[in-house]
Amino acid sequence: MQERDVTKGQETLFDTEEMVLNMGPQHPSTHGVLRVLLKLDGETVTDLDCDIGYLHRGVEKIAEHDTYAMITPYWDRLDYVAAVSNDLVYVEAVEKLLQVEVPRRAEYLRVILTELQRIASHLLWLGTHAIDIGAVTVLLYAFREREEILKIFEDFIGARLTAHAFRIGGLWWDAYPEFVARVREFLKIIPGRIDEYETLLNTNRIWLSRTVGIGVLSAEEAINLSLTGPALRGSGVSYDLRKAQPYSAYPEFDFEIPLGENGDTYDRYLVRMAEMRQSVSIIEQALDGLPEGPVMAKVPKVIKPPVGEVYHSIESPKGEIGAYLVSDGTGKPYRMRVRPPSYINLQSLKRMSIGHLVADVVAIIGTIDIVLGEVDR
Amino acid sequence: MADENKDTPESHNDGQEEKGREGDGRPAGSPEGGPPKGSEVGADVPEKAQPLPPEAGAVDPAAEVEEKVKPGLTPGEEVKTEAKAENALPGVEKPSKTPMVEGASAEGGEPPAAKEPPPARPAPPRAPASEKAPPPKAAPAAGHKPAPPAKKGPSITSDITDDPLINRIRDRFSGAITEAVATLGQQIIRVNRESYLELCRFLHDDGEASFDMCTDLTAIHWPERAGEEFDVVVLLYSVAKNRRLRVKTALAENAACPSVTHIWAGADWMEREVYDMFGIRFDGHPDLRRILLPVDWPGHPLRKEYPIEYRDNEWTDRHIEYREIDYDTSLIDVKYSERR
């Protein structure tokens with residue numbers, strides 16, 4: 001029998017080497033096909049790199065070969081859990097370029113639909129974020145309410161997920177007869193349900209220990225990283241395009257911009273929860289004031305904007321989504337650029353994760369709220 | 001629709017918008033980029049002043065369409081006029097009278113309409129562009145910025161003249177700012193590449209500007225603009241002042257652009273994407289790699305010469321491993337030919 005040097009054995013067994021861990025692209029908590037490479041010291045993240053592009057379809061290239069009207073459906077498929085919001089930014093950008101005035105009824109219906117979409121998107125975020133962290137119940141509840149919104153969409157638009165709601169100049173259809181009643185019914189139940197989720201999470205000890213102080217970003221850092229949306233507002237920066245640079249019918253509604261204080265995962269959670277309540281209030285106001293009239297402006301059959309360019313952006317559930325269109329006077333855009341909030345927000349993952357544990361990376365990916373269809377385009 | 005900037009396009013007059021367009025390198029007839037903007041503003045003017053009427057008489061229907069558009073007054077008007085002109089062309093149905101019906105069928109009706117008019121919209125951008133290319137070269141001698149001709153269609157672009165911040169920037173970077181225009185109320189300044197980085201730093205640090213967020217950074221390819229094939233476009237936003245500004249700089253085919261990542265950390269992935277899609281290198285970028293496409297992808301897709309179809313076949317062939325599989329054919333008792 002050979003004598004073994006026990007101390008040496010321990011050294012090799014409990015070595016403190018740095019290690020690279022591959023997470024994704026099939027990992028369920030990466031919300032799609034995001035691959036993250038983590039450099040670890042023990043369980044602490046020391047460096048991080050994102051590998052994206054698995055879903056790249058070349059939307060911007062395709063757009064140069066399609067007419068303005070043909071491009072709209074591609075926008076549904078960018079952020080596919082907030083298709084209506086994506087549509088809105090594109091059609092408004094083209095309308096701006098054409099200088100078309102959209103009828104007020106159409107503007108109101110657009111606001112109602114996009115705010116419903118915001119609630120649906122936040123519900124999906126809430127469910128998946130919670131299940132990533134370990135609270136499975138919330139997902140089941142959140143999807144129950146989201147289903148109601150999707151049903152309303154299905155009856156209005158004809159699709160649940162890639163809802164192609166808007167046209168350049170207005171809407172495809174006017175609201176169906178029971179639309180207002182159904183939305184009101186939904187608005188009656190949803191505030192109580194949001195309370196329910198908050199009872200499950202707000203003071204839940206596990207939830208708190210997994211989110212408070214995780215992924216902290218100061219306001220300056222967040223701005224410097226071009227962060228937008230609830231992720232930025234969680235750091236206390238009051239930047240919401242609905243207020244800052246109002247579009248559609250938003251100036252006519254009264255609502256607040258919820259802000260966080262500490263810029264951590266918990267604050268971003270609170271911001272999104274409060275945003276859902278604000279959305280409910282906006283939809284109520286829009287339903288009360290819903291004007292009668294046409295839903296489609298007079299738009300030329302062949303859309304040929306004048307030579308020039310426009311950048312238009314709106315507040316999507318994920319952040320600032322923008323459309324930058326360069327027109328050369330022909331029926332197809334010379335260049336179309338999508339300003340993708342998920343893609344740009346995802347950059348901050350590195351800054352937020354370094355120094356935290358591997359398990360926290362999952363929470364931070366959740367709190368940024370990305371959709372890979374839009375990250376990769 | 002509410003506009004973000006204080007400057008409204010109302011203030012434009014024909015003279016100013018003329019300059020704006022040319023600065024963009026896109027004179028009316030040649031939206032693709034046409035004559036170089038290096039040879040500058042004065043270049044285009046004579047060509048627009050004199051040759052346009054004869055040209056319009058001589059050339060194709062598209063020129064006619066454009067001609068018809070010219071006299072329009074407001075930008076909104078332009079769109080309508082243009083649409084009418086198009087409808088009046090042979091092969092296209094006359095416009096329907098009832099607004100709602102027309103509206104409702106507009107998009108549905110488009111594909112056929114798009115098929116018919118090819119004669120009606122024959123490459124106005126390309127052919128005239130090549131015709132027009134020579135004059136600018138000869139013209140620079142004609143001095144700079146003479147009063148532009150009044151005969152000019154409505155434009156959505158106008159010069160910025162009275163904005164305090166833009167004036168400040170102009171004073172400080174006098175020669176470097178080659179253009180400052182407002183399109184639909186959105187302010188755009190164009191700077192030469194040498195001063196680009198300095199300007200960006202100024203815009204970030206200066207208390208009055210304080211553009212603390214880089215909303216977006218992208219590029220546009222103008223292959224016909226010799227020596228200035230690319231525009232790098234930076235969209236800036238100031239959270240404190242709630243104001244936007246677009247900075248453009250032109251680059252030659254193989255020139256590198258200074259990176260602004262150390263000013264705005266958010267520009268990191270945006271510059272990587274521009275590198276990936278256009279092949280523009282950014283000097284000083286900490287980690288310039290492809291981001292959306294595989295590392296060994298051939299070419300840069302958003303360049304205009306890059307075709308759109310079958311681009312992945314070659315790459316896929318290189319990376320996919322084909323294997324012969326031996327099927328036990330005896331197990332298949334029904335022949336394909338016998339199946340219905």
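Residues numbered from 1 in each chain as written. Chains lettered and ligands numbered in written order. Predicted model: local features only at pLDDT ≥ 70, side-chain atom pairs only at ≥ 80, totals over all residues.

A.B. asks: Would you mind going over the nonpolar core with me for this structure?
C.D. replies: Generally speaking, a soluble globular protein has its nonpolar side chains buried in company with each other. In this structure, Val94, Ile112 and Leu325 of chain A together with Val234, Leu236 and Ile280 of chain B are the most contacted members of the largest nonpolar core, which totals 159 residues. A total of 15 residues in this core trace back to one element, the largest contributor, which is helix 5 (residues 104-133) of chain A. (Core = buried A, V, L, I, M, F, W, Y, C linked by C-beta atoms within 7 Å. Buried ≥ 20, exposed ≤ 12 C-beta atoms within 10 Å, placed from the backbone. Helix = DSSP H or I, 4+ residues; strand = E, 2+ residues; numbered from the N terminus.)

A.B. asks: What should I look at first to understand the pairing of strand 6 (residues 243-251) of chain B in this one?
C.D. replies: Remember that side chains alternate between the two faces of the sheet whenever the strand is regular. All names here are of chain B. Counting buried residues along strand 6, eight of its nine residues qualify, which places the element largely inside the surrounding structure. Note: strand 3 (residues 186-191) against strand 6, four bridges, orientation parallel. Considered in strand 6, the bridge of Arg190 is made with Lys248. Linking strand 5 (residues 230-238) to strand 6, which pair antiparallel, is a turn of four residues; within it Asn242 sits at a positive phi near 50 degrees. (Pairing = 2+ DSSP bridges.)

A.B. asks: Teacher, can you tell me more about the sheet that holds strand 4 (residues 213-221) of chain B here?
C.D. replies: Either a parallel or an antiparallel arrangement is found when strands of a sheet pair, and the pairing is made through backbone hydrogen bonds. Residue and element names in this part refer to chain B. If you trace the six strands from one edge of the open sheet to the other, you get 1-2-3-6-5-4, paired in mixed fashion. With partners counted over all chains shown, the strands left at the sheet margins are strand 1 (157-159) and strand 4, one partner each. When the angles between neighbouring strand axes are averaged without regard to direction, this sheet yields 25 degrees. Sitting on the sheet, helix 10 (residues 164-172) touches strand 2 (177-183) and strand 3, and the angle it makes with strand 2 is about 170 degrees. Contacts between helix 12 (residues 267-278) and the sheet are confined to strand 4 and strand 5, with strand 4 contributing the most and set at about 10 degrees to the helix. (Axes fitted to C-alpha atoms, helices over the stretch in contact; angles between N-to-C directions. Contact = placed C-beta atoms within 7 Å.)

A.B. asks: How should helix 12 of chain B be read in this particular structure?
C.D. replies: Since one α-helical turn is 3.6 residues long, residues separated by three or four positions face the same way. Relative to the 16 Å expected for twelve residues at 1.5 Å per residue, helix 12 of chain B spans 16 Å between its end C-alpha atoms, a close match to the ideal helical length. Where burial is concerned, most of helix 12 of chain B is hidden: twelve out of the twelve residues are buried. In the core, the buried residues of helix 12 of chain B are packed alongside helix 13 (341-346) of chain A together with strand 4, strand 5 and strand 8 (282-283) of chain B. After helix 12 of chain B finishes, the residue Gly279 of chain B shows a positive phi value of roughly 80 degrees. (Expected span 1.5 Å × (residues − 1).)

A.B. asks: What am I meant to see in the confidence of the model for chain B here?
C.D. replies: Residue and element names in this part refer to chain B. With 50% of its residues at a pLDDT of 70 or more, chain B shows a mean pLDDT of 64. Of the regions scoring below 50 in pLDDT, residues 1-153 engages in 241 contacts with residues more than four places distant in sequence or in other chains. Both scores are given for the predicted complex: the pTM is 0.72, the ipTM 0.87. (pLDDT = per-residue confidence, 0-100.)

A.B. asks: Help me understand the pairing of strand 1 (residues 18-23) of chain A in this model?
C.D. replies: All names here are of chain A. The buried count for strand 1 comes to zero of six residues, which makes it a mostly uncovered element. As judged from the six bridges shared by strand 1 and strand 2 (residues 35-41), these two strands associate in the antiparallel manner. From the neighbouring strand, Asn22 faces strand 2, where its bridge partner is Leu37.

A.B. asks: In this structure, what is going on with the packing of helix 5 of chain A against helix 12 (residues 265-288) of chain A? I would like to understand it.
C.D. replies: The packing of two helices is summarised by the inter-axis angle and the distance between the axes. Residues and elements named next belong to chain A. Two numbers describe how helix 5 lies on helix 12: the axes approach to 9 Å, and their chain directions differ by 155 degrees. Comparing the axis directions of helix 5 and helix 12 gives the class roughly antiparallel. Handedness of the helix 5/helix 12 crossing: left-handed. Contacts from Tyr108, Val111, Ile112, Glu115, Leu116, Arg118, Ile119, His122 and Trp125 in helix 5 reach Arg272, Glu275, Met276, Ser279, Ile282, Ile283, Ala286 and Leu287 in helix 12. (Parallel < 35°, antiparallel > 145°, perpendicular 65-115°, else oblique. Left-handed = near helix turned anticlockwise from the far one by under 90°.)

A.B. asks: Would you explain the sheet that holds strand 7 (residues 319-327) of chain A in this entry?
C.D. replies: Residues and elements named next belong to chain A. Strand order in the open sheet formed by three strands is 6-7-8, with antiparallel pairing between adjacent strands. Where the open sheet ends on each side, the last strands, each with one partner, are strand 6 (308-316) and strand 8 (333-339). Sheet twist, expressed as the average angle between the axes of neighbouring strands with direction ignored, equals 10 degrees. Here strand 6 runs beside strand 7; their pairing, made up of nine bridges, is antiparallel. Bridge pairing in strand 7 places Val310 opposite Leu325.

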